[in-house]
Every structure is written in C-alpha cells, then in structure tokens.
Amino acid sequence: MTATGDGQGRSYQYLLVEADGPVGIVRLNRPKVLNALCRALIEELADALGAFDRDPAIRCMVLTGNERAFAAGADIAEMAGKGLAEVTGDDLLGAWQRLWRIRKPVVAAVQGYCLGGGFELAMGCDLIVAGESAQFGQPEIKIGVIPGAGGTQRLTRVAGKYKAMEAVLTGRMIPAREAEAWGLVTKVVPDEQCLPEALRLARTIAGMPPLAVQMAKAAVLQAYETPLGAGLEFERRLFYSLFATEDQKEGMQAFLEKRSPQWKGR
Ligand code: HXC
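Residues numbered from 1 in each chain as written. Predicted model: local features only at pLDDT ≥ 70, side-chain atom pairs only at ≥ 80, totals over all residues. Heavy atoms only, no water.

Where an unreviewed UniProt entry is consulted, the chain appears under the name Probable enoyl-CoA hydratase echA8, with the organism given as Thermaerobacter marianensis. A UniProt comment under Function (unreviewed entry) is attached to the chain, and it reads "Could possibly oxidize fatty acids using specific components." Its UniProt record gives the chain the following Sequence similarities (unreviewed entry) comment, quoted word for word: "Belongs to the enoyl-CoA hydratase/isomerase family." (UniProt positions renumbered as here; feature names shortened; annotations may be inferred.)

1. So, the pairing of strand 5 (residues 60-64)
When you tally the buried positions in strand 5, you get five out of five residues, the bulk of the element. Neither face of strand 5 is exposed, since Cys-60, Val-62 and Thr-64 on one face and Met-61 and Leu-63 on the opposite face are all buried. Here strand 4 (residues 23-28) pairs with strand 5 via five bridges, running parallel. In the strand pairing of strand 5, Val-26 is matched with Leu-63. Between the parallel pair strand 4 and strand 5, the chain is carried across by helix 1 (residues 39-54), and the sense of this crossover is right-handed. Taken together, the four bridges between strand 5 and strand 7 (residues 106-110) define a ladder with parallel strand orientation. Bridge pairing in strand 7 links Thr-64 to Ala-109. (Buried < 20%, exposed > 50% of the residue type's maximum accessible area, 1.4 Å probe, protein only. Helix = DSSP H or I, 4+ residues; strand = E, 2+ residues; numbered from the N terminus. Pairing = 2+ DSSP bridges. Right-handed = clockwise from strand over helix to strand, strands pointing away.)

2. Focus on the packing of aromatic side chains
With the rule as written, the count across this model stands at four aromatic pairs. Arranged with centres 5.3 Å apart and planes meeting at 50 degrees, the rings of Phe-119 and Phe-136 form a pair that is tilted. Pair noted here: Phe-119 is in helix 5 (residues 117-124) and Phe-136 is in strand 10 (residues 135-137), with a separation of 17 residues, a long-range link. In this structure Phe-136 comes out as buried when scored by relative accessible area, which is 0%. (Phe/Tyr/Trp six-rings, centres within 6.5 Å; stacked < 30°, edge-to-face > 60°.)

3. Here we look at the pattern of salt bridges
Scanning all chains against the criterion turns up 18 salt bridges. Between Glu-43 and Arg-39 there is a salt bridge, with the nearest N and O atoms lying 3.4 Å from each other. Of this pair, Glu-43 and Arg-39 are both found in helix 1, four residues apart, which corresponds to roughly one turn of the helix. We classify Arg-39 as partly exposed; its relative accessible area is 26%. When the shortest N-O distance is used, the salt bridge between Glu-180 and Arg-177 registers 3.2 Å. Of this pair, Glu-180 and Arg-177 both sit in helix 8 (residues 176-181), three residues apart, roughly one helical turn. What you see here is one network of salt bridges that share partners, running through Glu-132, Arg-177 and Glu-180. (Salt bridge = Lys/Arg side-chain N within 4 Å of Asp/Glu carboxyl O.)

4. Some thoughts on the packing of helix 6 (residues 151-159) against helix 7 (residues 161-170)
Contact pair helix 6 / helix 7: the axes reach a minimum separation of 7 Å and the direction vectors enclose 140 degrees. Comparing their axes, helix 7 and helix 6 come out oblique. Crossing angle aside, the handedness with which helix 6 passes helix 7 is right-handed. Residues Thr-152, Leu-155, Thr-156 and Ala-159 of helix 6 form the contact with helix 7, whose participating residues are Lys-161, Lys-163, Ala-164, Ala-167 and Val-168. Residues belonging to the contact of helix 6 with helix 7 are distributed by class as follows: five nonpolar, two polar and two charged. (Axes fitted to C-alpha atoms, helices over the stretch in contact; angles between N-to-C directions. Parallel < 35°, antiparallel > 145°, perpendicular 65-115°, else oblique. Left-handed = near helix turned anticlockwise from the far one by under 90°. Contact = heavy atoms within 4.5 Å. Nonpolar A, V, L, I, M, F, W, Y, C, P; charged D, E, K, R; others polar.)

5. Section: the site of the ligand
The ligand sits among 24 residues. The nearest are Arg-68, Ala-72, Ala-74, Ile-76 and Gly-117. A distance of 2.9 Å separates an oxygen atom of the ligand from a polar side-chain atom of Arg-68. Within the backbone of Gly-117, a nitrogen or oxygen atom sits 2.8 Å from an oxygen atom of the ligand. Looking at the shell around the ligand, the elements with two or more residues in it are helix 2 (76-79), strand 8 (113-115) and helix 5. The residue inventory of the shell around the ligand, partitioned by class, reads 15 nonpolar, four polar and five charged. (Near = heavy atom within 4 Å. Polar contact = N/O pair within 3.5 Å; in protein donor to acceptor, adjacent residues only side chain to side chain.)

6. Side note on a nonpolar patch on the surface
On the surface, Ile-141, Ile-146, Met-165 and Leu-169 cluster together into a nonpolar patch covering about 380 Å² of accessible area. Mapping Leu-169 onto the fold places it in helix 7. According to the relative accessible area criterion, Leu-169 is exposed, its value standing at 54%. (Patch = residues over 30% accessible without salt bridge, like charges linked within 9 Å, V, L, I, M, F, W, Y side chains within 5 Å. Areas by Shrake-Rupley, 256 points an atom, 1.4 Å probe, with all protein chains shown as cover.)

Structure below.
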C-alpha cells in the first residue's frame, strides 16, 4: 500500500489516507506515541472517514495502525492536566460522536496494542481483523478513569457482564486469541496477513450493492439500540425499502438468469 498524508484532496497531520479502488484506507500515523488518540487526530479521522462516506466511488473503508499499535488509547499527556470544567466545557470526546455516524462499513485491521480509546475505536468499527500480536484492553482504571468512548457499553454487549467487568476493573490485556473466544473480533490471522485480509474483506463488501450494504449495517447496529421487537420491525422496514431500488431488481434477475449482477447504487 502506498500511503500519503494527502487523501481526498486534503492533508492530515496524524493520518495516512488513500483510496484503493472502491476501498478507502486510513492509517493512524502517530507512531512515536503508539498512535495515542489526541483530539486533533480524532477530528482528522472523523473528517477523513466522513469524506469517504460521502464519496460515491468508495464502498467500504479499512482503518489500521502499524505493527506495534493500532492505538494505545486516548492521549494521556493531553488529558492529564485537565479538570472537570475543561473536559465538559470543551466536550473532550465530542468529535468521537461523528465516528459513530459513518454509514458505510469500516473494517479495523489491528496489530499490537489496541487499548483504551484504541479498543473503543476498533469496537466502533464494523468488522475487526486481528493479527496474532494484537492485545486488547481497557486499562483506564489504572490511570484513575474509566472508558469514555463506548468501552463499558460495547464490550459488555459483545462479551457479556462478567468478561467486561474483568476487563474494565482490572485493565488486563486480552490477547488476540482470547478476544476471538470472547466474540470480540471477526477473525485472527498471522500478522503479515492482517491488512491483506482486511482489504480482502473490504473489497468483497465493496462488490455488494451499496444501498443494501448501508441498510444491512444500519440494521445490525440497530440490534444494539432497541429491544428485539423494535429491531425486527426496523429490519423489516429496511428490507421492504430495498424493493424500491434498481439493485434489488438486478440482483434477483441476475440470479434467475445465472449471470453476475451489475450494481448501480440506485
Ligand atoms: C500518550 C502514550 C500513550 C497514551 C503510549 N504512549 N501510550 N502517550 N497517551 N495513551 C507513549 C509513551 O509515553 C512513550 O512515549 C511511547 O508512547 C512508547 O510507549 P512506552 O510506554 O515506552 O512503550 P512500552 O513500554 O512498549 O509500553 C506500551 C504500553 C504503554 C503498555 C501500551 O505505553 C501504556 O501502558 N500506555 C498507556 C495505555 C493506556 O493507559 N491507555 C488508555 C489511555 S486512557 P515516550 O515519549 O516516553 O517515548 C483512554 C481513555 C479513553 O484511552 C476515553 C475515550 C477516548
């Protein structure tokens, strides 16, 4: 992958951004501090993913770090001196909300440390491919705080109360294979296969009809938001709405005619 700090027509201080056909690739790029997630980095990330989300040529995204770290958490140096009035007044984590509004799927490719806000960022992605070196964890308790960008909620929903309590209350690192057993990752692969496998998955998703992909993502995420009955109703409405698209006609007709479908995104 050839990477540049100049993706989507603008340059980033903390990211390398490029498009590989229909796949937008964002690499966190603060290697000296293990990709610690300072506020400016999160704002850049929301800008970069948002630009890909709006770009009709992009169908799926991959978010990655480097071999040593996906991200070792929010930037402790940036937070250390702040008081309550500052973090609430400045809404320290406000930019994170923009990340959760991305409509196209994002595949996280994780090697090395994936801690604190880094873990929360990965859990906010839609698929997680972990290299064998990946270490997940919520170590905030060790520095006097708790997860603040979804860790107590998303981890508990995926792994259940007892696993989440252990992770959040002890801060222990969870190796890739254990995270897989907890249901926290899509798959674990050898480290050198991590990014290639994430790209392979992203290309497969990018080959699917785009409106159905976005609705599928929205429907799965709804399972986190609502009781089952409301989620089933939401899913059924989205399913019906896809019958207003040309891609539904094309997809079903192509199956019946035993040929490959041509997606129009309409
Ligand atoms: C700022 C960080 C950092 C972080 C590492 N660094 N993590 N800087 N914020 N979260 C910096 C170190 O200070 C060091 O800088 C350099 O990166 C390399 O780290 P080392 O500690 O020297 O590496 P190593 O000994 O290999 O230890 C790796 C580590 C450790 C186990 C991951 O760095 C660590 O425990 N980091 C903090 C993890 C953490 O607590 N994360 C949660 C943050 S709170 P120098 O300049 O000394 O070389 C959080 C809240 C989320 O995420 C709330 C919502 C977003």
